[in-house]
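Overview (structure and organization)
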Amino acid sequence: MSALDELRDAAERAAEATADLARIATEIAANAPEAADAAGHGAAAATGIDPFMFRLAIFALACFVGYYVVWSVTPALHTPLMSVTNAISSVIVVGALVAAGADLDAGATWTTRIFGFLGVILASVNIFGGFLVTERMLAMYKKKD
Amino acid sequence: MANLAAFAYLVSGILFILALRGLSHPTTSRQANRFGMIGMALAMATTLFIFSPPSGFGGVLLILIGLGIGGSIGATIAKRVPMTSMPQLVAAFHSLVGLAAVFVAAGALYSPEAFDIGVPGAIHTGSIIEMSLGVAIGAVTFTGSVIAFAKLDGRMSGAPILLPSRHMINLGLGAALVLMVTLLISTQWTGWFWLITLAALALGVLLIIPIGGADMPVVISMLNSYSGWAAAGIGFTLGNTALIITGSLVGSSGAILSYIMCKGMNRGFISVILGGFGGDDAGPAASGAGDDRPVKRGSAEDAAFIMQNAGSVIIVPGYGFAVAQAQHALREMGDILKDSGVTVKYAIHPVAGRMPGHMNVLLAEANVPYDEVFELEDINSEFAQADVAYVIGANDVTNPSAKTDPNSPIAGMPVLDVEKAKTVLFVKRSLGAGYAGIENPLFFMDNTMMLLGDAKKMTEDIVKSMD
């Protein structure tokens, strides 16, 4: 084996090593966002707060807001208050929309879509009916002329 | 994108808060309703375009058809429903929210991936708990509201239906619900979900049938509250801020209204819920103690003469006024009186009618300006100076025995002091007792003149006699 062969051999090995290095680098680059994401989750996990707690906080505060806001409603408008709360509680339609438009290729089933469809119908009866009947009622309240 | 969607949901939650806030006065109320509409449109658009765009043509079509069917039904109902039927309508709408909550939870159960809460058979424990709470409250709201609707719409007797040992049955169902929720979490068997739904549906019926017609204002407010909590439960499952905020707003709104209604009747919330009070018609023909006492009867001409010669008239409407659809005739009478220089005011008891604010809406429909309509605490002191109190379709809310007789079933209930007016004109179909089955001593007082007849017919006759 000549010195030349040894040299070529070494050059080939160096080339392979370089290729390996390049492949690893590409992989790292490709995974970088996910890695960053994982690190982020790790950070959230490190504070030890479940997302549920944030929802619970919103819920508790909104209950208080509701308490004060509803007490300020004039008794003369209690019927429109009921019909409008009825209309806004139909925001549950967002869940029905997700279910009705669920992606069948991603494992969702027609069962889900049908439930979503029924939910969309019921909630939209309420949305349109609730807001429009409230509008109709409120238009009736007039001041002395 | 997820953050943008979350932000948009937060904005629509805030718009809903503003929608309720604006109801503090009639002048800001219409704008408030618009805020509500914008909030709803924003929440729906966010879901469709950012949060979870429907997949494929099929999904889009399904949603459009659903919105079309529901929307046109809703809009038609809103346009046609008579104002006297608002309590039934609101009860019916509550039932839809309840059922929609059940459907959304079912959708999430069968395709948890779509809602990002796990995979079938391995849904996150927290999500399962929230989901089962949402579905249980939703199902109770659904059947409860259907019963309330039937009672309010006269499709079912308003009389309480008292099953033997009903409290034990309800407690048993409640315990079964808790047990099945734990089983659903541990086994993830969808059968448990449906059994929970069934038990909750039964519970909804059983909770409302023992409650009598007169307690409907509390029931309807309570169901309002339940529909809110159901929405909040689903909001937790979906992690949706708009739903959580709205659910808690509606939940507290209904709770406060129930409280106001209970206070208006001087009844404890628990005693209303346990039921058994008051039927549709006068229950056992009250004691009969005063039936032989003299009652002064009058005609429409007498009433017209008295009122036209009065300086001030306070009109006290009640449920019978709504049933008789007398609001337009009443406003006409008020107009004639005002034209002849009589001061006319309207006094509203918190529980007059079958839902909170029911009388105010009917008077508004008949074009009575809202600044002539007063709440109990604002007007009660004025009866002593009034020449005439015109009581139309109200009974128990004017019963002075609530103040004088500690043994009366309505003892302590705040009542309108109509007996202090110089003359009480009491329009009533017959001399029977009111919904609570209690005799009203007002009928036999010296300054009371009974105008026996239908509320609308009598008022129209009075209007004719005034010409």
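Here is a short report on the structure shown in this document. (Residues numbered from 1 in each chain as written. Chains lettered and ligands numbered in written order. Predicted model: local features only at pLDDT ≥ 70, side-chain atom pairs only at ≥ 80, totals over all residues. Heavy atoms only, no water.)

All names here are of chain B. Contact geometry for helix α13 (residues 327-339) and helix α17 (residues 455-466): axes closest at 9 Å, N-to-C directions at 25°. By the angle between their directions, the pair α13 and α17 is classed as roughly parallel. Viewed along their axes, α13 and α17 form a crossing whose handedness is left-handed. Residues A329, L330, E332, M333, I336 and L337 of α13 touch α17, and the partners they reach there are K456, T459, E460, I462, V463 and M466. Class assignment of the residues belonging to the contact of α13 with α17 gives a composition of 8 nonpolar, 1 polar and 3 charged. (Axes fitted to C-alpha atoms, helices over the stretch in contact; angles between N-to-C directions. Helix = DSSP H or I, 4+ residues; strand = E, 2+ residues; numbered from the N terminus. Parallel < 35°, antiparallel > 145°, perpendicular 65-115°, else oblique. Left-handed = near helix turned anticlockwise from the far one by under 90°. Contact = heavy atoms within 4.5 Å. Nonpolar A, V, L, I, M, F, W, Y, C, P; charged D, E, K, R; others polar.)

A few words on the pairing of strand β4 (residues 343-348) of chain B. All names here are of chain B. Note: strand β3 (residues 312-317) against β4, 4 bridges, orientation parallel. What sits directly across from I314, in β4, is K345. As judged from the 3 bridges shared by β4 and strand β5 (residues 373-375), these two strands associate in the parallel manner. Bridge pairing in β5 places A347 opposite F374. For the crossover from β4 across helix α14 (residues 358-365) to β5, the handedness is right-handed. (Pairing = 2+ DSSP bridges. Right-handed = clockwise from strand over helix to strand, strands pointing away.)

Right, let's talk about the nonpolar core for a bit. Residue and element names in this part refer to chain B. Core analysis: the biggest nonpolar cluster contains 176 residues, and M307, M333, Y390 and I462 have the highest contact counts within it. When residues of this core are assigned to their parent elements, the largest contribution, 16 residues, is made by helix α4 (residues 86-110). Discounting chain neighbours no more than four positions away, the residues touching I462 are A300, A303, A304, M307, M333, Y390 and L451. (Core = buried A, V, L, I, M, F, W, Y, C linked by side-chain atoms within 4.5 Å. Buried < 20%, exposed > 50% of the residue type's maximum accessible area, 1.4 Å probe, protein only.)

All names here are of chain B. Taken together, 6 strands build an open sheet; the order of strands is β5-β4-β3-β6-β7-β8 and the sheet is parallel. Where the open sheet ends on each side, the last strands, each with one partner, are β5 and β8 (448-452). Across the sheet, the axes of successive neighbouring strands diverge by a mean angle of 25°, strand direction being ignored. Taken strand by strand, helix α11 (residues 300-308) contacts β3, β6 (388-392), β7 (423-428) and β8, and its axis lies near 145° from that of β7. Taken strand by strand, α13 contacts β3, β4 and β6, and its axis lies near 145° from that of β4.

Summed over the entire model, instances satisfying the criterion amount to 1 cavity of 30 Å³ or more. A volume near 40 Å³ is recorded for the largest cavity. In terms of lining, the largest cavity is formed by A76(A), Y141(A), N360(B), A364(B), V368(B), Y370(B) and V373(B). Partitioning the lining of the largest cavity into residue classes produces 6 nonpolar, 1 polar and no charged. (1 Å grid on protein atoms, 1.4 Å probe; cavity = no way out; pocket = protein on both sides within 12 Å on 5 of 7 lines; lining within 4 Å. Points joined across faces, edges and corners; volume = space filled by probe spheres on them.)

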